[in-house]
Amino acid sequence: MTPPADDTMRNDGARTAAVVLERCDELARHSSLPDGLIERVYLSPEHAAVNALAAGWMQGAGMDTWQDAAGNQCGRLEGATPGLPALLLGSHLDTVPSAGRYDGILGVLTAIAVVERITTSGRSLPFALEVVAFGDEEGTRFGTALLGSRALAGTWLDAWWELTDEAGITLHEAFVAFGLDPAAVTAAARTSNDFVGYLETHIEQGPVLEENDLPLGIVSSIAGARRFQITITGKAGHSGTPWTHRRDALAGASEAIVAIERLARDADLIATVGHLEVFPDAVNVIAGRAEFSLDLRGRFDADRDSVWQQIETLLDEICATRGLHVAVHQTHAAPAAHCSDRLRGVIAAGIRAADLRAADGADDAPAPLELLSMAGHDAMAVAHLTEIGMLFVRCAGGVSHHPDESVTEADVARALDAFEAAVLALADGHQAGSQDPA
Ligand code: GLV
Ligand code: MN
Ligand code: MN
């Protein structure tokens, strides 16, 4: 798809940010939900539509484009000579239900805009630039997250083919319906030799930048996450059943959920139960079965795993006391990922350059802040292949995974300057053969 004639990228920071934000608005219109709410899941018609838009914008930025064997939209701008390893830039275009319009999307559009600036400048780099718009970071449709980036990283698991969505459609069937060949998914896998590194811009999804009055920050590392589906089974029955004869699955689940929150809080981890279903779900029937999700995250995988063991013991105890049965199924696991010193250095250099530009050369900005990301990112999967670095952009109130997600045009303009400067700092360091380009 070719971008509309009046939609060319303008090479001024603030105005380019305006275009990026207009594009965020345009992508937000591709949703499976009514009334302006946003939901866009992997391998859906909306996924196909936003890939086509992103491909058009990538081409407008001077890139050759393709959709890979896992449905990720990709683009490439050659470096000084064709066929060089690439600096990979990207994020995701899928969303959670009732999402905001910037989580993932801002990172893809920032990457495209920065490539367009570099194309327009005529500067040739000592590496190629590739942009990837990953198709599944959130795991909204099939429960397992990072499917797009894991396909690219070559860590796809055949066990995933039998995952089903809410309508009972398997991942295998969804691939075919989207026009992809499941047998060819390994063709999406890249190798370490393909890349010199991976950089991602993302909204912070937390309040730290705002509280420090800073538009941008450097990600130090990304918390490791595990997700579970937990099913507690009791016995459905009349709501008049006496206390001595009740095996109430929802009461057991409720006790467990509150205890999980306490355990995680005491261990300085984050635990979220965001989904709960009760069967048969009637006002005058004891719940015979309760199913809930658990998302557990922490800075260190070992702490997270030790709290999970405590949670398992607790679930057994609660269920034994109440005459219930518990079954747990892990749906997702991603280890904590560290952003490399080298790429943290280039992100820091990018932020400093953008601060200088914003202050007309007077460097009175505070030193760039490093933050741990409690949110998961495609970078976690890409870390299997190459060094990762991330730039965080302030978002209002730290609100994310919500329609109120919001960024300012000024902050996006600053992020574009910083991301471009980070790419150029890496290029300078690469050219000089230095390990410390910052
Ligand atoms: C994605 O946003 C996640 O952190 O789960
Ligand atoms: Mn998200
Ligand atoms: Mn995201």
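First things first, this report covers the structure right here in the doc. Just so it is clear, the model here is predicted, and its values are computed rather than measured.

On to the coordination of the manganese ion (ligand 3), then. Under ideal tetrahedral coordination, the four donors around a metal are separated by 109.5 degrees; under ideal octahedral coordination, the six donors are separated by 90 or 180 degrees. Those protein atoms acting as donors to the manganese ion (ligand 3) are H92 (NE2), D103 (OD) and H202 (NE2), and they sit at 2.1 to 2.3 Å. Every donor residue of the manganese ion (ligand 3) comes from the same chain, spaced as H-x10-D-x98-H. In this structure, the manganese ion (ligand 3) is positioned 3.5 Å from the manganese ion (ligand 2), and both are ligated by D103. Residue H92 is found in strand 3 (residues 86–92), and its partner H202 is found in strand 5 (residues 195–203); the two are separated by 110 residues along the sequence. The residues H92 and H202 share a single accessibility class, namely buried.

Before going further, it helps to examine the coordination of the manganese ion (ligand 2). Taken together, the protein ligands of the manganese ion (ligand 2) are D103 (OD), E138 (OE), E138 (OE) and H401 (NE2), with distances of 2.0 to 2.7 Å. The sequence motif formed by the donor residues of the manganese ion (ligand 2) is D-x34-E-x262-H.

Our next topic: helix 8 (residues 301–322). Think of an α-helix as turning once every 3.6 residues; residues three or four places apart then point the same way. For helix 8, with 22 residues, the first-to-last C-alpha span of 31 Å sits near the 32 Å given by 1.5 Å per residue. Turning to helix 8, its buried residues number three or more, namely R304, V307, W308, I311, L314, L315, I318 and C319. End-on, the buried residues of helix 8 take up no more than an arc of 125 degrees, which puts them together on one face. Turned more than 90 degrees from where helix 8 packs its buried face, A302, Q309, A320 and T321 sit exposed.

Let us now look at the nonpolar core. Membership of the largest hydrophobic core comes to 60 residues, with the highest contact counts inside it found for L89, L129 and V423. Of all the elements, helix 11 (residues 409–432) adds the most residues to this core, at twelve residues. Contact partners of V423, with chain neighbours within four places excluded, come to L87, L89, V114, I118, L125, F127, L129 and L199.

Turning our attention to the environment of Y102. Looking at the element boundaries, Y102 is found in the loop between strand 3 and helix 3 (105–121). In the structure, Y102 is positioned 293 residues away from C395 in sequence and 9.2 Å away in space, judged by C-alpha atoms. If we skip the residues at most four places from it in the chain, Y102 touches L21, C24, D25, I203, E405, S406 and V407.

Moving on to the site of ligand 1. Lining the immediate surroundings of ligand 1 are E137, E138, R227, R297, A375, G376 and H401. Side-chain polar atom of E138 to an oxygen atom of ligand 1: 3.0 Å apart, as the coordinates give it. At a separation of 2.6 Å, an oxygen atom of ligand 1 approaches a polar side-chain atom of R297. Protein chains bury 93% of the 200 Å² of accessible surface belonging to ligand 1 in isolation. For the shell around ligand 1, the per-class residue count stands at one nonpolar, two polar and four charged.

Definitions and cut-offs
- Residues numbered from 1 in each chain as written.
- Chains lettered and ligands numbered in written order.
- Predicted model: local features only at pLDDT ≥ 70, side-chain atom pairs only at ≥ 80, totals over all residues.
- Heavy atoms only, no water.
- Donors = N, O, S within 2.8 Å, 3.2 Å for Na, K, Ca; no water.
- Helix = DSSP H or I, 4+ residues; strand = E, 2+ residues; numbered from the N terminus.
- Buried < 20%, exposed > 50% of the residue type's maximum accessible area, 1.4 Å probe, protein only.
- Expected span 1.5 Å × (residues − 1).
- Arc of directions from axis to C-beta.
- Core = buried A, V, L, I, M, F, W, Y, C linked by side-chain atoms within 4.5 Å.
- Contact = heavy atoms within 4.5 Å.
- Near = heavy atom within 4 Å.
- Polar contact = N/O pair within 3.5 Å; in protein donor to acceptor, adjacent residues only side chain to side chain.
- Areas by Shrake-Rupley, 256 points an atom, 1.4 Å probe, with all protein chains shown as cover.
- Nonpolar A, V, L, I, M, F, W, Y, C, P; charged D, E, K, R; others polar.

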